[in-house]
Amino acid sequence: MQGQVFSTDQKVYPYVKFPMKLLLKLLREDNKFRAVQKTIAGVADSAELVAGALPPGGEIKIGGLWGSSAALVLAGLVLNQFGSGFALNRSGSGQDRSQRRTPSWVLLVTSSLEEAEEARDDLNLFLPGSAAIFEPWEDFSMAGDDASVGATHRVALTAQHLQVLHPLLFPEDPPHAGVGATPDTRTKIIVCPIQALLQKLPLPGDLTENTLQVVVGKDLGQQEVVEWLVDRGFKGVTMVEAPGEFSLRGCILDVFTHSSEVPYRLEFFGDRVESIRLFSPDTQTSIKNLKEGNILALDCGGLTNQTPTARVGTLLDYLPRGAWVVLKEPETIREKAKKVSQSIPWLYTHEEVDKKWSRYTRLFLSSLPFTDSGDGPATVHNFEVESVERFGPGIK
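Worth saying up front: this structure is predicted, and the values here are computed from it rather than measured.

K.L.:
Tell me about the sheet that holds strand 16 (residues 286-290), and name the residues and values.
P.N.:
Strand order in the open sheet made by the six strands is 11-12-13-14-15-16, with mixed pairing throughout. Whereas interior strands pair on both sides, the edge strands pair on one side only; in this sheet they are strand 11 (235-236) and strand 16. Here strand 15 (residues 272-279) pairs with strand 16 via four bridges, running antiparallel. Pairing of Arg277 across the sheet is with Asn289, part of strand 16.

See below:
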């Protein structure tokens, strides 16, 4: 997916056009799906939902989900039952709900980048603009060749990583693109291949400590901002065109951060910030006026594959309390994690990340039916989804 990490166009969500809206409506009327909803939210009776029946650390297993049906069920749980104050009623039309019963973030873990790309595309088909991939690094081999073992490698965060992490760190920041006037309160879904979840990241505190807050009307010091940017590897240019660049022209300072899809334009009057705008680097025209902004500029040169585990974390450390962690084909994920961590020993192991994601509500999705583990029938739900390939080539 090119361009925006998460869509900021409020018009595409939660309104969903046919035929996706029809599919979600049919899903909502399915008794098995409604049973999953009740397990997640809890029920006092058939008409009343009670939040909190599944606490953080609880588990739900949902089996029998072939192909895109896993994304459909996850999208249905986000949109139908929860959403940002929105639900589909029995007729499929919008219905407002005053109380939000959803995490603001869902982490969907897959066994490979290819699976992640398919899941991202499926989710954005059902819920346009809701899903983005957290990609694995490109500078190490999944095959475990000689270059990945023993030697010290710099493992810098990419712009794509920072664009995903920024709204996790600063959820109150306005969208970095688009012209919506209201905060983006939709549930966002991060699709993460397991190898990306095993990689070491700076701790959230390291990123916030390397963030400069800019507020209209407050003194900041233009030259101090320039020095701050240079110290963190930003390059001064005549006109900003790419992340990691800044341009100083009189009282105007343009900054293209790695965590934003468009640059900031800061206008100073002496040391005071007069205005903050997001603008198009192509047309130089303003996109959105801001009252404040967080410029994230981290030099990751000190983070390597040899960095002690005590000084680093994973993507799970950035998730807010109450987030969901969804594992698509958990056994395949476990096997892939074991293989990858054995071939590249400086990554985390499956056991280490398992301890971290056990803090969150977890949904396990599988194409095969789950068996009841003895924790109670409400924790296991199996759908009867058939692959169209079973019906032969004559199906139309």
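K.L.:
Account for helix 9 (residues 330-343), with residues named and values stated.
P.N.:
Since there are 3.6 residues in each turn of an α-helix, residues three or four apart along the chain are aligned in direction. Between the first and last C-alpha of helix 9 there are 20 Å, a value that for 14 residues agrees with the 20 Å anticipated at 1.5 Å per step. When we look at burial in helix 9, the residues that qualify are Pro330, Ile333, Ala337, Val340, Ser341 and Ser343. Angularly, the buried residues of helix 9 cover 160° about the axis, an arc narrow enough to put them on a single face. When the buried face of helix 9 is taken as reference, the exposed residues oriented beyond 90 degrees from it are Glu331, Lys339 and Gln342.

K.L.:
So what's going on with the pattern of salt bridges? Residues and values would help.
P.N.:
In total, this model carries nine salt bridges according to the counting rule given. Here Lys328 makes a salt bridge to Glu115, at a shortest N to O gap of 3.4 Å. Remark: Glu115 occurs in helix 4 (residues 113-126) and Lys328 occurs in strand 19 (residues 324-328); sequence separation between them is 213 residues. Using a relative accessible area of 28% as the deciding quantity, one classes Glu115 as partly exposed. With a shortest N-O distance of 2.9 Å, Glu274 and Arg272 are connected by a salt bridge. Residue Glu274 is classed as partly exposed on the basis of its relative accessible area, which comes to 38%. Within this structure, Arg249, Asp254 and Arg265 form a network of salt bridges that share partners.

K.L.:
Help me get a handle on the sheet that holds strand 8 (residues 188-193), residues and values and all.
P.N.:
Pairing in this open sheet of seven strands is parallel, and the strands run 7-8-6-19-20-3-21 from one edge to the other. One side of each edge strand has no neighbouring strand; the edge strands of this open sheet are strand 7 (131-133) and strand 21 (380-382). Ignoring which end each strand starts from, the neighbouring axes of this sheet average 20° apart. Inspection of the sheet shows strand 6 (residues 105-110) paired to strand 19 by four bridges, in the parallel sense. Bridge assignment links Val106 to a residue of strand 19, and that residue is Trp324. Each of strand 3 (59-63), strand 19, strand 20 (361-365) and strand 21 touches helix 2 (residues 31-41); the most contacted strand, strand 21, lies at about 160° to it. Sheet contacts for helix 4: strand 6, strand 7, strand 8 and strand 19; angle to strand 7, the most-contacted strand, approximately 165°.

K.L.:
Residue-level account of the environment of His166, with values.
P.N.:
Structurally, His166 is set in helix 5 (residues 159-169). Sequence separation of His166 and Ser259 is 93 residues, and the distance between their C-alpha atoms is 6.1 Å.

K.L.:
Kindly report on the pairing of strand 6, identifying the contributing residues and their values.
P.N.:
Across the six residues that make up strand 6, a large majority, six, are buried. Residues Trp105, Leu107 and Val109 of strand 6 are buried on one face, and the alternating residues Val106, Leu108 and Thr110, pointing to the opposite face, are buried as well. Here six bridges tie strand 6 to strand 8, and the two strands are oriented parallel to one another. Within the sheet, the bridge partner assigned to Val106 lies in strand 8 and is Ile189.

K.L.:
Just give me the short version of the side chain of Thr211, but keep the residues and values in it.
P.N.:
Structurally, Thr211 can be placed in strand 10 (residues 211-215). A polar side-chain atom of Thr211 sits 2.7 Å from the main-chain carbonyl oxygen of Leu207. Contacts of Thr211, omitting those with residues within four sequence positions, involve Phe170, Trp228, Asn294, Ile295 and Leu296.

Calculation notes
Residues numbered from 1 in each chain as written. Predicted model: local features only at pLDDT ≥ 70, side-chain atom pairs only at ≥ 80, totals over all residues. Heavy atoms only, no water. Pairing = 2+ DSSP bridges. Helix = DSSP H or I, 4+ residues; strand = E, 2+ residues; numbered from the N terminus. Expected span 1.5 Å × (residues − 1). Buried < 20%, exposed > 50% of the residue type's maximum accessible area, 1.4 Å probe, protein only. Arc of directions from axis to C-beta. Salt bridge = Lys/Arg side-chain N within 4 Å of Asp/Glu carboxyl O. Axes fitted to C-alpha atoms, helices over the stretch in contact; angles between N-to-C directions. Contact = heavy atoms within 4.5 Å. Polar contact = N/O pair within 3.5 Å; in protein donor to acceptor, adjacent residues only side chain to side chain.

In short, the description is geometric, and any link to function would need to be established separately.
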